[in-house]
Amino acid sequence: PGSEAASVPAAGVSSAVVSVPFDATGGGTSLTVRVNASVALGATLLGTATTPALYLSSMLLSEPLFLALLLPLLIHAERATAEDIGDGGWREPAILGACAGGLALVRSHGIAMVAAIALAYAMRRRWREAGLVLVVAVLVVAPWQLWIAMNDGAIPPALHGDYGSYTSWLFE
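Residues numbered from 1 in each chain as written. Predicted model: local features only at pLDDT ≥ 70, side-chain atom pairs only at ≥ 80, totals over all residues. Heavy atoms only, no water.

1. Overview of the environment of Arg107
- Looking at where Arg107 falls in the secondary structure, it is placed in the loop between α4 (91–106) and α5 (111–123).
- Between the C-alpha atom of Arg107 and that of Glu63, which follows or precedes it by 44 residues, the distance is 7.7 Å.
- The contacts of Arg107, once residues within four sequence positions are left out, are Ser62, Glu63 and Phe66. (Helix = DSSP H or I, 4+ residues; strand = E, 2+ residues; numbered from the N terminus. Contact = heavy atoms within 4.5 Å.)

2. Observations concerning helix α6 (residues 127–151)
- With 25 residues, α6 extends 36 Å between its outermost C-alpha atoms, agreeing within 8% with the 36 Å of an ideal straight helix rising 1.5 Å per residue.
- The principal kink in α6, of about 40°, is found at Val141, preceding the proline Pro143 by one to four residues.
- Of all the positions in α6, only Glu129, Ala130, Val133, Val136, Ala137, Val141 and Ile148 are classed as buried. (Expected span 1.5 Å × (residues − 1). Bend = angle between axes of the 7 residues up to and from the residue. Buried < 20%, exposed > 50% of the residue type's maximum accessible area, 1.4 Å probe, protein only.)

3. Observations concerning the confidence of the model for the protein chain
- With 68% of its residues at a pLDDT of 70 or more, the protein chain shows a mean pLDDT of 77.
- Within the protein chain, the element-level pLDDT minimum falls on strand β1 (residues 5–6), averaging 46, and the maximum on α4, averaging 95.
- Note on residues 1–13: pLDDT under 50 across the span, and 20 contacts to partners over four residues away in sequence or across chains. (pLDDT = per-residue confidence, 0-100.)

4. Focus on the pattern of salt bridges
- One pass over the full model with this rule turns up 2 salt bridges.
- The closest approach of N and O atoms between Glu129 and Arg126, which form a salt bridge, is 3.6 Å.
- For Arg126, a relative accessible area of 13% translates into the label buried. (Salt bridge = Lys/Arg side-chain N within 4 Å of Asp/Glu carboxyl O.)

5. Regarding the nonpolar core
- One finds Leu73, Leu96, Ala100, Leu103, Met113, Ile117 and Tyr121 to be the most contacted residues of the largest nonpolar core, which totals 17 residues.
- Going through the elements one at a time, α3 (63–80), α4, α5 and α6 are the ones with two or more residues in this core.
- Looking at this core element by element, the count peaks at 6 residues for α5.
- Apart from the residues lying within four places of it in its own chain, the contact partners of Ala100 are Leu73, Gly110, Met113, Val114 and Ile117. (Core = buried A, V, L, I, M, F, W, Y, C linked by side-chain atoms within 4.5 Å.)

6. With respect to a nonpolar patch on the surface
- Together, Tyr55, Met59 and Leu61 give the surface a local cluster of nonpolar side chains, amounting to about 290 Å² of exposed area.
- Within the fold, Tyr55 resides in helix α2 (residues 51–57). (Patch = residues over 30% accessible without salt bridge, like charges linked within 9 Å, V, L, I, M, F, W, Y side chains within 5 Å. Areas by Shrake-Rupley, 256 points an atom, 1.4 Å probe, with all protein chains shown as cover.)

7. Points about the environment of His76
- For His76, the location among the structural elements is in helix α3.
- Using a relative accessible area of 34% as the deciding quantity, one classes His76 as partly exposed.
- The spatial distance from the C-alpha of His76 to the C-alpha of Leu96 is 8.3 Å, given a sequence separation of 20 residues.
- With residues near it in sequence (within four places) discarded, His76 still touches Glu92 and Leu96.

8. What to know about the packing of α4 against α5
- Viewed as axis vectors pointing N to C, α4 and α5 meet at an angle of 155°, and their least axial separation amounts to 7 Å. Between α4 and α5, the crossing angle belongs to the class labelled roughly antiparallel. Taken together, the residues of α5 that come into contact with α4 (itself represented by Glu92, Pro93, Leu96, Ala100, Gly101, Leu103 and Ala104) are Ile111, Met113, Val114, Ile117 and Tyr121.
- Looking at the contact of α4 with α5 residue by residue, the class counts come to 10 nonpolar, 1 polar and 1 charged. (Axes fitted to C-alpha atoms, helices over the stretch in contact; angles between N-to-C directions. Parallel < 35°, antiparallel > 145°, perpendicular 65-115°, else oblique. Nonpolar A, V, L, I, M, F, W, Y, C, P; charged D, E, K, R; others polar.)

Laid out in structure tokens, this is it:
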């Protein structure tokens, strides 16, 4: 069975492309169909109403919150770090650093977003903005990391692997 990929319609888009890779003949071919944007949106909404999606979304997990915060942050960061946008001020990089730091507080691997935003600024030789993103993100994440480091011993050894500090093994 092949996997499906559909592009979600954006403002002003009248059609979408659905590509279904399949290997029925052994040739590794794929079928590409152009469909109406409303059909693609409907298929996307139906796909999110499947049993696994509904089951996982009803559980108390950090992944839905992480995704809900990540997607708007990605869009905003892409616009803010674009070469032709930005006045070189401190406000936008500080906001991005704070948001990316908050994302890292939701899921630890959100720290990659901090690095990605700083790298996007650095690739455009906007060093001050890159540094500001890093500094603000560290200021957001540092209190939690310090609290975890100070209270790491309070976690029972049986639970330490799952609930303890990710960096405690560095200091042992």
